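Fold and contact review
Residues per chain are reported as follows:
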Amino acid sequence: VRALEAGADTLLMPADPDVAIRAVVAAVENGRITRTRIRESVVRILAAKERTGLDRKRFVDLEGIGDVVDSPEDNARAQEIADRAVTLVRNEGGVVPLNPAASVSFLVLTESRGSQQGKVLAAEVRKRMPNASITMLDPTAAESDLEQAAASTQTSAVTVVAAFVSVAAYRGSVALAGGYPALLNRVLANGKPVILVALGSPYLLRNFPIAGGYLTTYSTVAPSEIAAVKALFGEISIQGRLPVTIPGLAKYGDGIQLGGR
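Described below are features of the structure shown in this document. The structure displayed is predicted, hence computed values, not measured ones. (Residues numbered from 1 in each chain as written. Predicted model: local features only at pLDDT ≥ 70, side-chain atom pairs only at ≥ 80, totals over all residues. Heavy atoms only, no water.)

**So, the packing of helix α5 (residues 72-85) against helix α9 (residues 222-232)**
The cut-off we apply is this: Here an angle of 0 to 180 degrees is reported between the N-to-C directions of two axes, which are lines fitted to C-alpha atoms, with helices fitted over the stretch in contact. Only DSSP runs of H or I reaching four residues or more are called helices, and only runs of E reaching two or more are called strands; each is numbered from the N terminus. Geometric relationships in this document are graded by angle, where less than 35 degrees denotes roughly parallel, more than 145 denotes roughly antiparallel, 65 to 115 denotes roughly perpendicular, and other angles denote oblique. Crossing handedness: left-handed means the near helix sits turned counterclockwise from the far one by under a right angle, and right-handed means the same turn made clockwise. Note on definitions: a residue-residue contact is assigned when non-hydrogen atoms from the two residues lie within 4.5 Å. Three classes are used: nonpolar for Ala, Val, Leu, Ile, Met, Phe, Trp, Tyr, Cys and Pro, charged for Asp, Glu, Lys and Arg, and polar for all others, with Gly counted as polar.
Running from amino to carboxyl end, α5 crosses α9 at an angle of 50 degrees, the nearest separation of the two axes being 8 Å. One element, α5, and the other, α9, form an angle in the oblique class. Here the hand of the crossing between α5 and α9 comes out right-handed. Residues Ala78, Gln79, Ala82 and Asp83 of α5 touch α9, and the partners they reach there are Pro223, Ser224, Ile226, Ala227 and Lys230. The residue makeup of the contact of α5 with α9, split by class, is five nonpolar, two polar and two charged.

Put into structure tokens, the structure is as follows:
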């Protein structure tokens, strides 16, 4: 009901569709939502279907998918969206953008073994900083691997921790898998600047509130990996603002605005 009041026309994957339907019907019957408001949504939905030709052809031409998917124009637009979405929530000491002359360690925390996550990010970092220390980890990493990863950051001036967190947050909280939390707390305890990059949920800062630098991309897709690297190296202006509140740490609409180099 609140989604409709906010202007939504379609509800995507409500937790209980039957409950949602009954609630909307009740809201119309008691006058909270007017029938006219419902009709307006129906008209917009039908108009969208007409624009895409669903009133004439309901099925996709499988042979023609390659002509419209993964086009250079669409990929460029996806990258533009990812670039504009990057949000800088914290920047203590002006650690973002990175100093190209400084020694930087990168820890990439993927969500599963064998995942493709982080590979694009690592490749983009290598283009800009060929000698950077980049450690790729997954939740099954042994304690010895995590200790070695933490030790690898001690000689660097700055550490960037890129954490993939695609799992939906519950009441503003997310959890990193395996030994990641202990690893990250160990790195933060070094006393050197740490930039935490959340690829996915923006709520990760709640788990590590002492991070001096915090970037969030809201997505784990490859364009977001590229956008994060571009933002870290000051190649794009950072103009995103939080669409949510991170309780006790940042408010809806917060976002440090930085121009690109």
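**Here we look at the sheet that holds strand β1 (residues 87-91)**
Heads up, the condition is: Being paired, for any two strands, means DSSP has found at least two bridges between them.
One open sheet holds the six strands; their spatial order is β1-β6-β5-β4-β2-β3, and the pairing between them is mixed. If you trace the sheet from one side to the other, it starts and ends with β1 and β3 (133-137), each paired once. Sheet twist, expressed as the mean angle between neighbouring strand axes with direction ignored, is 15 degrees. In this structure, strand β2 (residues 104-109) lies alongside β3, joined through five bridges in parallel fashion. Pairing of Ser105 across the sheet is with Ser133, part of β3.

**Here we look at the environment of Thr153**
Note that Thr153 resides in the loop between α7 (143-152) and β4 (158-165). Thr153 sits 133 residues away from Ala20 along the chain, and the two C-alpha atoms are 49 Å apart. Those residues within four positions of Thr153 in sequence are excluded, and the remaining contacts are Ser105, Leu107, Thr159, Val187 and Asn190.

**Re the side chain of Asp83**
Spelled out, the test is: Remark: exposure states derive from per-residue accessible area (1.4 Å probe, protein chains only) relative to the maximum for the residue type, with buried under 20%, exposed over 50%, and partly exposed in between.
Considering the arrangement of structural elements, one finds Asp83 in helix α5. Taking relative accessible area as the criterion, Asp83 reaches 12% and is therefore assigned buried. Ignoring any residue separated from it by four or fewer positions in sequence, one finds Asp83 in contact with Ala227, Lys230 and Ile236.

**Overview of the side chain of Thr217**
For clarity, the cut-off: We call two N or O atoms a polar contact when they sit within 3.5 Å, provided that within protein one can donate a hydrogen and the other can accept it, with sequence-adjacent residues counted only if both atoms are side-chain atoms.
Note on placement: Thr217 falls in the loop between β6 (213-216) and α9. At 2.8 Å, the side chain of Thr217 and the backbone oxygen of Ser219 are in polar contact. Beyond its immediate chain neighbours, meaning those up to four positions away, Thr217 contacts Ala85, Val86, Ala198, Leu199, Gly200, Ser224 and Ala228.

Function cannot be read off these values alone, since they describe shape.
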